[in-house]
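Spelled out from the first residue to the last, the chains are:
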2 protein chains.
Amino acid sequence: MSTEMEPGSRTGRRIGLLHVAFDQALAAVLAEAGPAHPELRMAHLQIFRFDGIDGSTAAELAAHAGMTKQSMHELVVHLERFGYLTREPHPGDTRARLLRLTPAGRALEQDVHRAIAGLLESWRDRLGPERFDTLWEILREITGDRRPLPDLATISVPGRLRGPE
Amino acid sequence: MSTEMEPGSRTGRRIGLLHVAFDQALAAVLAEAGPAHPELRMAHLQIFRFDGIDGSTAAELAAHAGMTKQSMHELVVHLERFGYLTREPHPGDTRARLLRLTPAGRALEQDVHRAIAGLLESWRDRLGPERFDTLWEILREITGDRRPLPDLATISVPGRLRGPE
DNA sequence: TCTTCATGGTCAGGAAGCCTGACCATATGA
DNA sequence: TCATATGGTCAGGCTTCCTGACCATGAAGA
């Protein structure tokens with residue numbers, strides 16, 4: 001390690017901070033921007049962080065988000081109950097339900113994207129354009145992004161180190 | 001945004017992935033490296049991600065980790081119960097308890113640091129030295145690191161967007 | 001066609017990781 | 001000395017996931 005590198009602990013923390021900062025900015029901007037959506041929780045925003053909600057199925061979203069379909073189910077149902085999306089029959093697969101954003105859902109999606117854009121803008125200001133682009137590029141490289149989305153499905157954070165025995 | 005920038009969603013996801021990748025590598029390497037510690041969960045490792053456990057108090061750790069002392073309390077007690085640390089009286093403050101790593105605790109700390117070092121090494125291989133250093137520098141900049149640690153205490157991720165009403 | 005297996009969705013229950021509230025004991029400073 | 005802050009602790013709750021168990025449907029092979 002060339003940069004004077006702390007044992008490693010700080011890096012772990014810093015990555016955590018990056019993540020936290022992102023979530024926080026998201027929550028903050030949204031809490032202010034939309035006087036709406038009081039019934040939404042962070043987990044729901046996590047979903048809106050991705051594109052393509054509209055027109056996909058819960059199972060697909062679950063795969064993209066790296067969670068079980070049961071977990072995603074709950075989020076989707078919640079979102080439906082509060083009018084952010086509807087579930088229409090999937091043409092060509094009677095089992096599946098096609099998710100459709102309502103106007104409210106679309107507005108929320110916009111809010112989330114605006115919040116993210118704002119945060120990125122502030123980072124960009126802080127870092128300067130070149131280094132910001134570099135960060136972007138590095139993130140892409142580290143998280144491996146040749147394919148569009150599905151890679152996420154293979155990643156899952158174990159709640160424990162070992163199985164629940 | 002100069003790099004062809006997706007609406008923002010991908011960036012959010014990518015940062016999440018960075019975080020997840022880190023946690024995962026940590027879990028994986030440790031699960032393999034130490035056939036020990038079956039009773040440890042990720043939350044405990046999160047603690048070991050920081051230095052300075054040994055000799056600090058639970059309240060300090062809580063501040064560093066950005067969580068309440070009650071939450072940290074549970075983790076610390078757990079760690080104590082399973083022999084990773086002890087709590088001795090704090091000289092100079094009868095209320096406080098000084099945390100002390102046991103040999104097992106110290107070994108675990110080493111494992112965690114080794115795991116992190118290994119992950120960073122792999123990123124370094126993938127990115128090349130200069131860009132790796134750049135990432136490091138950018139992370140430092142974004143997460144703001146003039147002061148040693150305490151800044152984290154001010155950050156908290158809301159579980160909801162609004163207060164619990 | 002019948003059978004088998006995979007997949008989308010759903011219900012039920014639980015674990016983990018946090019949180020808030022309420023307290024006690026001790027520091028600390030006016 | 002008295003108010004207030006702080007370390008630690010207990011109790012209880014909420015959120016966000018998870019696993020297990022199912023049903024209905026789809027796909028693929030015997």
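Residues numbered from 1 in each chain as written. Chains lettered and ligands numbered in written order. Predicted model: local features only at pLDDT ≥ 70, side-chain atom pairs only at ≥ 80, totals over all residues. Heavy atoms only, no water.

Caption draft 1: Summary view of the overall build of chain A. On a plain count of helices and strands, chain A comes out with six helices and two strands. Along its sequence from the N terminus, chain A presents helices and strands in the succession α-α-α-α-β-β-α-α. Classification of the 165 residues of chain A by burial places 48% in the buried group. (Helix = DSSP H or I, 4+ residues; strand = E, 2+ residues; numbered from the N terminus. Buried < 20%, exposed > 50% of the residue type's maximum accessible area, 1.4 Å probe, protein only.)

Caption draft 2: Up close: the packing of helix H3 (residues 58–65) of chain B against helix H4 (residues 69–81) of chain B. Residue and element names in this part refer to chain B. For the pair H3 and H4, the least separation of the axes is 9 Å and the interaxial angle reads 115°. The angle between H3 and H4 places the two elements in the roughly perpendicular class. Helix-helix and strand crossings are classified by hand; for H3 and H4 the assignment is right-handed. Every residue of H4 that contacts H3 at Ala58, Leu61, Ala62 and Ala65 is listed here: Lys69, Met72 and Val76. Looking at side-chain class alone, the contact of H3 with H4 contains six nonpolar, no polar and one charged residues. (Axes fitted to C-alpha atoms, helices over the stretch in contact; angles between N-to-C directions. Parallel < 35°, antiparallel > 145°, perpendicular 65-115°, else oblique. Left-handed = near helix turned anticlockwise from the far one by under 90°. Contact = heavy atoms within 4.5 Å. Nonpolar A, V, L, I, M, F, W, Y, C, P; charged D, E, K, R; others polar.)

Caption draft 3: Region of the structure containing the pairing of strand S2 (residues 93–101) of chain A. All names here are of chain A. Across six bridges, strand S1 (residues 85–90) lies against S2 in antiparallel orientation. From the neighbouring strand, Glu88 faces S2, where its bridge partner is Leu98. In this structure, the hairpin formed by S1 and S2 is closed by a connection of two residues, where Gly92 is found at a positive phi of approximately 105°. (Pairing = 2+ DSSP bridges.)

Caption draft 4: Summary view of the protein's contact with DNA strand D. In the vicinity of DNA strand D, 23 residues are found, and the nearest of them are Arg41 and Thr94 of chain A together with His73, Arg87 and Arg95 of chain B. Among the atoms of DNA strand D close to the protein, meaning within 4 Å, 64% are from sugar or phosphate groups. The contact in question runs from a phosphate oxygen of DNA strand D to an N or O atom on the side chain of His73 of chain B, over 2.8 Å. At the level of elements, helix H2 (42–48), helix H4 (69–81) and S2 of chain A together with H3, H4 and strand S2 (93–101) of chain B are the ones that each hand at least two residues to the surface near DNA strand D. (Near = heavy atom within 4 Å. Polar contact = N/O pair within 3.5 Å; in protein donor to acceptor, adjacent residues only side chain to side chain.)

Caption draft 5: Broad picture of the protein's contact with DNA strand C. Not every one of the 23 residues close to DNA strand C is listed here, only the nearest: His73, Arg87 and Arg95 of chain A together with Arg41 and Thr94 of chain B. Here, DNA strand C places atoms within 4 Å of the protein, and 60% of those atoms are sugar or phosphate. One of the backbone nitrogen or oxygen atoms of Ala59 of chain A is found 2.8 Å away from a phosphate oxygen of DNA strand C. At 2.2 Å, a side-chain N or O of Arg41 of chain B approaches a phosphate oxygen of DNA strand C. Every element with two or more residues in the surface near DNA strand C is listed here: helix H3 (58–65), H4 and S2 of chain A together with helix H2 (42–48), H4 and S2 of chain B.

Caption draft 6: Fine view of the environment of Val77 of chain A. With respect to the helices and strands, the residue Val77 of chain A is situated in helix H4. Each C-alpha atom of the pair Val77 of chain A and Ala58 of chain A lies 9.6 Å from the other, and the pair is 19 residues apart in sequence.

Caption draft 7: Quick look at the pattern of salt bridges. For the structure on display, the rule yields 17 salt bridges over all chains. The salt bridge partner of Asp54 of chain A is Arg100 of chain A, with a shortest N-O separation of 2.6 Å. Placement of Asp54 of chain A in the loop between H2 and H3 and of Arg100 of chain A in strand S2 is noted, with a sequence separation of 46 residues between them. For Asp54 of chain A, a relative accessible area of 26% gives the class partly exposed. Between Arg124 of chain B and Glu121 of chain B there is a salt bridge, with its nearest N and O atoms 3.9 Å apart. Taken together, the positions of Arg124 of chain B and Glu121 of chain B, both in helix H5 (residues 103–127) and three residues apart, correspond to about one turn of that helix. On the basis of relative accessible area, Glu121 of chain B is assigned to the partly exposed category, the value being 32%. Counted as one network, the salt bridges with shared partners bring together Asp54, Glu88, Arg100 and Arg106 of chain A. (Salt bridge = Lys/Arg side-chain N within 4 Å of Asp/Glu carboxyl O.)

Read these as geometric descriptors, not functional statements.
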